[in-house]
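# Topology and contacts: notes
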Amino acid sequence: LFATLSDEVEPLEAQGVIAYSGTSNTLEEAPRIIGGKPGVPFARTFIVAVLGHREKDSFEHFCGGSLIAPRVVLTAAHCMVKDNGNTKKAKEVMAGVHMYDLEDKTEHECRAEIEVKTIHVHPQWDPQSVTHDVALLILARDPLCIGGSTKLIKIDSASSNQKDKWKGEAVRVAGW
């Protein structure tokens, strides 16, 4: 994660860690998840649908993220940077919380589309090497049900000398 975010978030020390599936070094070559299965509805309420502006008052899902603090979503830098290299504007992005089924607008009382106040892309994000592929979205308000059915993801606080701590371990991936 990266520091110098502003007074909005308690700064975190930069680690520059990225996880790859397989041996790929670029986004174009990165393997996709094949043979996944539907998860248990609302079992992982820290998962956020990152929604992009499509047309007037209309947003569509284009990326995923994880709620790491009540108003902070961890997502990928490549999702927040336009083809021309500029960071998307906060008004172009929304965060969807409690969206197990992206089409069902009535599925849960905690479901909400929340405005993004600020986007922070890692200052060392490099699209060629795909390093530092992290960004933080600062939400305009707390999600509904925070502390109740809306949970935060637990982040491993392994230090840089423990970078291989999870090497070879099976992991669980969740998203759309």
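Residues numbered from 1 in each chain as written. Predicted model: local features only at pLDDT ≥ 70, side-chain atom pairs only at ≥ 80, totals over all residues. Heavy atoms only, no water.

### Some details on the side chain of H132
Structurally, H132 is set in the loop between β5 (112-121) and β6 (135-139). Reaching out from H132, the side chain makes a polar contact with the side chain of H122 at a distance of 3.4 Å. (Helix = DSSP H or I, 4+ residues; strand = E, 2+ residues; numbered from the N terminus. Polar contact = N/O pair within 3.5 Å; in protein donor to acceptor, adjacent residues only side chain to side chain.)

### What to know about the state of the cysteines
In a disulfide, the sulfur atoms of two cysteines are held together by a covalent bond. Scanning the model with the defined rule gives 2 disulfides in all. A disulfide bridge connects C63 with C79, and the sulfur atoms are separated by 1.6 Å. In this pair, C63 is assigned in strand β2 (residues 58-69) and C79 in helix α1 (residues 77-80), connecting sequence segments 16 residues apart. When its relative accessible area of 12% is taken as the criterion, C63 is described as buried. Disulfide pairing places C110 opposite C145 at an S-S distance of 1.7 Å. For the disulfide bridge between C110 and C145, the dihedral angle about the S-S bond is near -80°, and by the sign convention the bridge is left-handed. (Disulfide = S-S within 2.5 Å. Buried < 20%, exposed > 50% of the residue type's maximum accessible area, 1.4 Å probe, protein only.)

### With respect to the side chain of H122
You can see H122 is positioned in the loop between β5 and β6. One polar contact links the side chain of H122 to the main-chain amide nitrogen of Q124, over a distance of 2.9 Å.

### Regarding the nonpolar core
M80, V93, V116, I119, V121, L137 and L139 are the most contacted members of the largest nonpolar core, which has 26 residues in total. Going through the elements one at a time, β1 (47-55), β2, α1, β4 (93-97), β5 and β6 are the ones with two or more residues in this core. Broken down by element, the residue count for this core peaks at 5 residues, all from β5. When sequence neighbours within four positions are dropped, the list of residues in contact with L137 reads V50, R71, V72, V73, T75, M80, V93, V116, T118 and I119. (Core = buried A, V, L, I, M, F, W, Y, C linked by side-chain atoms within 4.5 Å. Contact = heavy atoms within 4.5 Å.)

### Considering unusual backbone geometry
Within the chain, V130 stands out as a residue other than glycine whose phi angle is a positive 55°. Mapped onto the fold, V130 is located in the loop between β5 and β6. One non-glycine residue, H132, lies in positive phi territory at about 55°.

### Focus on the pairing of β6
Among the 5 residues of β6, 5 are classified as buried, and the element is accordingly described as predominantly covered. Burial along β6 is two-sided: A135, L137 and L139 facing one way and L136 and I138 facing the other are all buried. Pairing analysis gives 4 bridges linking strand β3 (residues 72-75) to β6, with the strands arranged antiparallel. Across the sheet, residue T75 finds its bridge partner in β6, namely A135. As judged from the 5 bridges shared by β5 and β6, these two strands associate in the antiparallel manner. If you follow H120 over to β6, its bridge partner there is L136. (Pairing = 2+ DSSP bridges.)

### Focus: the pattern of salt bridges
Side-chain pairs of opposite charge can arise whenever the charged atoms involved come near each other. In total, this model carries 2 salt bridges according to the counting rule given. A salt bridge links R71 to D142; the nearest nitrogen and oxygen atoms lie 2.8 Å apart. Residue R71 is found in the loop between β2 and β3, and its partner D142 is found in the segment after β6; the two are separated by 71 residues along the sequence. For R71, a relative accessible area of 39% puts it in the partly exposed group. On the basis of relative accessibility, which here comes to 32%, the residue D142 falls in the partly exposed class. (Salt bridge = Lys/Arg side-chain N within 4 Å of Asp/Glu carboxyl O.)

### Some thoughts on the confidence of the model for the protein
For the protein, the average pLDDT comes to 74, and 72% of its residues sit at 70 or higher. Averaged pLDDT values for the elements of the protein fall to 81 in β1 and rise to 95 in β6. Residue range residues 1-27 is modelled with pLDDT below 50. Its contacts to residues more than four positions away, or to other chains, number 51 contacts. (pLDDT = per-residue confidence, 0-100.)

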